[in-house]
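Each chain, written out:
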Amino acid sequence: MSDAPAPVGVGESGNLVEIRDLYYSVGRRPVFSGLNINMRRGRITAIMGPSGTGKTTLLRLMTGQIRPDRGTIIVDGLDLAGLNRAGLYGLRRRMGMLFQNGALLTDLDVFENVAFPLREHTDLPERLIRHIVLTKLHAVGLRGAAQMYPAELSGGMARRVALARAMVMDPDILIYDEPFAGLDPISLGVILRLIRQMNDALGITSIVVSHDVQELSTIADDSYLLSEGRVVASGSPEELHANTSEVVRQFMNGMADGPVPFHFPAPDYSAQLLARGERRRRRRI
Amino acid sequence: MQQTRAIEIGTGLFVLFGIASLLFMVTQITAERVGVQRVGYVLTAEFENIGGLKVGAPVSMAGVTLGRVIKIEFNSKDYRALVEMRIDPQFDKIPNDSDAAIFTQGLLGNQYIGMTAGGSETFYKDGDRIELTQSALVLENLISKFLVNFAEGKSRSAEEAPK
Amino acid sequence: MITLLRELWRSTREALVQLGRVFLFFLQLLAFTPAALMRMRLIVHQIFNAGALSLVIIMTCGLFVGMVLGLLGYDLLSRVGSEEVLGAGAALALTKQLGPVMTALLFAGRAGTALASEIGLMRATDQLSAMQMMAVDPVRRVVLPRFLGGVVAMPCLTAIFISIGIFGVQLVGIQQVGIDSGSFWSQMRSAVELDDIREGMVKGCVFGVACSLIAVYEGYNSLPTAEGVGRATTRTVVISSVATLLLNFMLTAFML
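Residues numbered from 1 in each chain as written. Chains lettered and ligands numbered in written order. Predicted model: local features only at pLDDT ≥ 70, side-chain atom pairs only at ≥ 80, totals over all residues.

(A) Main features of the overall build of chain A. Each helix and strand counted, chain A has 10 helices and 10 strands in total. Residues classed as buried in chain A amount to 34% of the 285 residues present. Looking at chain A alone, contacts between residues at least 24 apart form 66% of all its contacts between residues at least 6 apart. (Helix = DSSP H or I, 4+ residues; strand = E, 2+ residues; numbered from the N terminus. Buried ≥ 20, exposed ≤ 12 C-beta atoms within 10 Å, placed from the backbone. Contact = placed C-beta atoms within 7 Å.)

Following this line, the structure appears as structure tokens:
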């Protein structure tokens, strides 16, 4: 139980985010039981795992949207538990987050969407806002789409606009929640390139949550594999590929059956087929 | 930005429309005059029974509205109703022996005070009391009077018939 | 039997909890209002959405309600020979009861559902979470302007409904049936008092607050799924309608 591998870079002071002994449950169901993760400054850290392991919950814990039952989360030296609402909001201004579907505001056009954080948090003159917005849009290659509305954009374009918006306040941390889901190969390549470029060019720390093993392996510096609420493997992508644990191998190689079973728990097959007059039980919703 | 400007104008028009409707309602469908009039002179009159007369009821002569009832009180000394009315200043030549009676508009309408001109050469002035008054006709009294007359008429013709 | 009672008790408790939450939400919105008035543009935009865009349905229904009232009133009053009071009776009915109540129900159906589904959709597509992540309070930015928009729009719509309704009454009464225009208006004028208008407008404001509050609350607290948005919209209409009629009874009794 406690032969969870040691997190990468333990003891290094170059960690932007440190998660120690995180416990969190939803109702009776434990989501995390003793999670330990380090995210190094200036690097891309990948968080991987099967669906439902609570990767998005982890992000919400890290941004202070929900509070853990036990354990500490330290972001850039600040313990999240000690921050009040103003402190949290101040911290979030230094983070940029890319949501799964882009989460652009549908009643604003692309320009206004990217300008949104600037308008809400700063008093910058209009000229300056225009300058910044167009620069960010140019960085993601969508400066020409500034007048379009989110409904007119393809999935990949929407996500790029969301990336521009996440970057517009020049954050220290960029968080990507399933950025590759549902993209065609070209858009995939574009996003991958952008993530790596932004990270290196701007010196920020990136955290990517995904289960696209192949894609992530190409850009991640450090990876963590979560399963059943704790870290089962960590290290560089190569180290994870070489890992011999069954759980890790099933995930990394995409095997249909293994520690995560193929069959949902069911009664004996032959017994159910041969049984006659079986009443179908309706689940009371 | 043009769209925002259009929306703002539209909203302004809408709110204006709402306020205009409210003003329409206040001025066109009520009888209240916004701002109480204090012009004109006051006359009083006592009635045995004012029936359904209400404050604000018109006071008219020959069908023309001269003023309005402004106060209705109970005179506990002689157990009659005391009515105050304000007459428009332009009607300052009402003979001071004119009488006031309470009539009903239509069959089931509101009640009002109707004045009939007398022959005096002196006119009413502010604070005068109208001496000759006639109370409202109460339906029940009318009916009972009618029935009594009817019965008397019948018995009289019954007396005369055999002759 | 016991299970029935237990269910009843559970439902009642649920309803009380909901009522408490709605009221707390309302207080929160009130607290944010003074600051929100600095950003008039958002509120103006929402007044347009809730009010100006509802004009067509309000005016159309107001006209038809007025005309039906005229026909009904004429039918009833001609049986007792008092046709001239048609204007007075219809105006009183419209101003005190039909106007505010029908406007509120129509508002809940058109603007209330729009508010609930807009906010619900934003929740379902993570837009509200995104705003929170960008350190913008979605209640202040999205919910409050819509609430205030509805609160301002409703009294205006009520006044418009009543006025158009009276126009409809006279359309039937004077033009179609042939009541004398002079006695129509003078009867109305002597019957309707300022207090009646006040009653109607107070109701309009109260209903506006109630329906807008319910709409934004349901939208904001909807489940972040497509089904959740649909359910929130349905609940908005149902709860707004019941609340309107309940409040109408209370206000009518109180102001009598």
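Additional details are given in the paragraphs that follow.
(B) Geometry of helix α6 (residues 185–202) of chain A. Residue and element names in this part refer to chain A. The terminal C-alpha atoms of α6 lie 26 Å apart, and with 18 residues this matches the ideal 26 Å at 1.5 Å per residue to within 8%. Of the positions making up α6, those classed as buried are Ile191, Ile195 and Met198. For α6, the buried positions fall inside an angular range of 75 degrees around the axis, keeping them on one side. Along α6, exposed side chains directed more than 90 degrees from the buried face belong to Pro185, Ile186, Arg193, Asp200 and Ala201. Note on α6: the residue one or two positions beyond its end, Gly203, has a positive phi of about 65 degrees. (Expected span 1.5 Å × (residues − 1). Arc of directions from axis to C-beta.)

(C) A look at the interface of chain B and chain C. Taken together, the contact between chain B and chain C spans 20 residues of the former and 25 residues of the latter. Class assignment for the residues of the side of chain B that touches chain C results in 11 nonpolar, seven polar and two charged. (Nonpolar A, V, L, I, M, F, W, Y, C, P; charged D, E, K, R; others polar.)

(D) Here's a closer look at the sheet that holds strand β3 (residues 44–48) of chain A. Residues and elements named next belong to chain A. Across the sheet, which stays open at both edges, the six strands sit in the order β6-β7-β8-β3-β9-β10 with mixed pairing between neighbours. On the outer flanks of this sheet lie β6 (95–98) and β10 (230–235), each paired with one strand and no other. Strand-to-strand, the axes of this sheet are offset by a mean angle of 15 degrees, without reference to chain direction. Across four bridges, β3 lies against strand β8 (residues 205–209) in parallel orientation. Opposite Ala46, over in β8, you have Val208 as the bridge partner. Packed onto the sheet, helix α5 (residues 155–167) meets β6 and β7 (173–177) and runs at close to 170 degrees relative to β6. The sheet contacts of α6 involve β3, β7 and β8, and relative to β8 the element is tilted by about 155 degrees. (Pairing = 2+ DSSP bridges. Axes fitted to C-alpha atoms, helices over the stretch in contact; angles between N-to-C directions.)

(E) Summary view of the pairing of strand β2 (residues 29–40) of chain A. Residue and element names in this part refer to chain A. Where strand β1 (residues 15–26) meets β2, nine bridges bridge the pair, whose relative direction is antiparallel. Looking across to β2, one finds that Asn15 is bridged to Arg40. In this structure, the hairpin formed by β1 and β2 is closed by a connection of two residues, where Gly27 is found at a positive phi of approximately 65 degrees.

(F) Highlighting the arrangement of the chains. Contacts between protein chains span two pairs of chains, and they are most numerous for chains B and C. Kept free of each other, chain A and chain B leave a smallest C-alpha distance of 11 Å between them.

(G) Spatial organisation of the interface of chain A and chain C. Counting residues at the interface gives 13 residues for chain A and 10 residues for chain C. At the level of elements, α2 (85–92) and α3 (110–121) of chain A are the ones that each hand at least two residues to the side of chain A that touches chain C. Considering each element in turn, the side of chain A that touches chain C owes the most residues, three residues, to α3 of chain A. Its residues assigned to classes, the side of chain A that touches chain C comprises six nonpolar, four polar and three charged.

(H) Just the pairing of strand β4 (residues 70–75) of chain A, in detail. Residues and elements named next belong to chain A. Sheet topology note: the β1/β4 ladder contains five bridges and is antiparallel. If you follow Val17 over to β4, its bridge partner there is Val75. Here β4 pairs with strand β5 (residues 78–79) via two bridges, running antiparallel. Residue pairing across strands places Ile74 opposite Asp79, the latter belonging to β5. Two successive antiparallel strands, β4 and β5, enclose a turn made up of two residues, where Asp76 displays a positive phi of approximately 50 degrees.

(I) Quick peek at unusual backbone geometry. In this structure, Glu178 of chain A is a non-glycine residue whose phi angle is positive, near 50 degrees. Take Glu178 of chain A: it is sitting in the loop between β7 and α6. Take Glu178 of chain A: there are 18 C-beta atoms within 10 Å of it, and that puts it in the partly exposed class. Phi at Tyr79 of chain B is positive, roughly 55 degrees, even though this residue is not glycine. Considering the arrangement of structural elements, one finds Tyr79 of chain B in the loop between β3 (64–75) and β4 (80–87). Tyr79 of chain B gets classed as exposed once you count the C-beta atoms within 10 Å, which come to 8.

Spatial relationships are all this shows, so hold off on functional conclusions.
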